[in-house]
Amino acid sequence: MMSNSFDLETESLSLRANAAPWDSDIFGFSVAAISAIDVKKPASAQVQFELFETWVRENSFEIVSCRLPHQQINASMLLERNNFRFIEMVLHPIALELQTYPALDNTELVVEQVCEAELSSVVTMAERSFGYERYHVDPRLDPQLANIRYGCWVKNSVYNSKQVLLKISLRDGYTVGFFFIENKDNGSVYWHLTAVNPDFQGKNWGTASGWQ
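Residues numbered from 1 in each chain as written. Predicted model: local features only at pLDDT ≥ 70, side-chain atom pairs only at ≥ 80, totals over all residues. Heavy atoms only, no water.

Sorry, what's going on with the pattern of salt bridges here?
Between side chains of opposite charge, a pair can form as their charged atoms come close. Across all of its chains, the model carries ten salt bridges by this definition. A salt bridge links Arg 67 to Glu 88, with the shortest nitrogen-to-oxygen separation between them at 2.8 Å. Residue Arg 67 is found in the loop between strand 4 (63-66) and helix 3 (73-81), and its partner Glu 88 is found in the loop between helix 3 and strand 5 (109-113); the two are separated by 21 residues along the sequence. When its relative accessible area of 54% is taken as the criterion, Arg 67 is described as exposed. Between Arg 128 and Asp 199 there is a salt bridge whose closest N-O contact spans 3.3 Å. One end of the pair, Arg 128, is in helix 4 (residues 119-129); the other, Asp 199, is in the segment after strand 8 (189-196), with 71 residues separating them in the sequence. Owing to a relative accessible area of 46%, Asp 199 belongs among the partly exposed residues under this scheme. Linked by salt bridges that have partners in common, Glu 112, Glu 118 and Lys 167 make up one network. (Salt bridge = Lys/Arg side-chain N within 4 Å of Asp/Glu carboxyl O. Helix = DSSP H or I, 4+ residues; strand = E, 2+ residues; numbered from the N terminus. Buried < 20%, exposed > 50% of the residue type's maximum accessible area, 1.4 Å probe, protein only.)

Any chance you could explain the nonpolar core here in plain terms?
One recurring pattern in soluble globular proteins is that nonpolar side chains are buried together. Judged by nonpolar contacts, the single largest core of 21 residues is most densely connected at Leu 13, Leu 15, Ile 34, Ile 37 and Phe 52. Counting only elements with at least two residues in this core, the list comes to strand 1 (5-9), strand 2 (13-19), strand 3 (31-39), helix 2 (42-58) and helix 3. The element contributing the most residues to this core is helix 2, with five residues. Those residues in contact with Phe 52 that sit more than four places away from it in its chain are Phe 6, Leu 15, Ala 17, Ile 34 and Val 64. (Core = buried A, V, L, I, M, F, W, Y, C linked by side-chain atoms within 4.5 Å. Contact = heavy atoms within 4.5 Å.)

When you look at the packing of aromatic side chains in this model, what are you seeing that I'm missing?
Centre-to-centre distance and the angle between the planes together describe a pair of aromatic rings. Under the defined criterion, the tally for this structure stands at eleven aromatic pairs. Between Phe 6 and Trp 55 the ring centres are 5.7 Å apart and the planes differ by 40 degrees, which places this aromatic pair in the tilted class. One end of the pair, Phe 6, is in strand 1; the other, Trp 55, is in helix 2, and 49 residues separate them in sequence. Of the two residues, Phe 6 and Trp 55, both sit in the buried class. (Phe/Tyr/Trp six-rings, centres within 6.5 Å; stacked < 30°, edge-to-face > 60°.)

Help me out: how do you make sense of the environment of Asn 74 in this one?
Here Asn 74 is to be found in helix 3. For Asn 74 and Asp 38, which are 36 residues apart along the polypeptide, the C-alpha to C-alpha distance reads 8.3 Å. Ignoring any residue separated from it by four or fewer positions in sequence, one finds Asn 74 in contact with Val 39 and Pro 42.

What exactly am I supposed to notice about the state of the cysteines here?
The bond known as a disulfide is covalent and runs between the sulfur atoms of two cysteines. Applying the stated criterion across every chain, the model contains zero disulfides. The closest cysteine sulfur to the non-disulfide-bonded Cys 115 is located on Cys 152, 20 Å from its own sulfur. What makes Cys 152 partly exposed here is its relative accessible area of 22%. (Disulfide = S-S within 2.5 Å.)

Purely geometric stuff here, so don't read any function into it on its own.
Take a look at the structure:
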């Protein structure tokens, strides 16, 4: 029987992982993700990590992903010793007191919530907008599946009560791009998945500001 989660807490290693059914459905094979890892004693962590490898084998996971903060060098080295490969780096820009920034007077762009009738066109846009993140650049995977994954991500955001899918449009109705925001439990808002319509890429729309 498949076990959907793995939780290990020892004096050498702390590790939590879960099956990723959403990715599994898209890729057609079992996928898992490490959600947390802390290597407390590098010299003895390998023995404990083998318990995790047993869980992976028993559940026939073909891909296991993990995202690490840059300072977790011991965890990175442990994963690399066990056939994990570095694929991408994610940068998180932070804007403090964003509400105090002056907005440029640009009335050409409008930000509005995507309605249900527009969803299919935005999903199609999502499937065409990306090409340089982990599932596209990983040579072991079909990039078309990565395209489908982004379309599903956008589609699912509409049915998530904490997320709002927004489009960026010109006054004449052409959609320049999209993004969605997520209301977090701590009162903050997380800005997800910004995309520029492929038909508008390379035309400086990414630097336009003053949206209303």
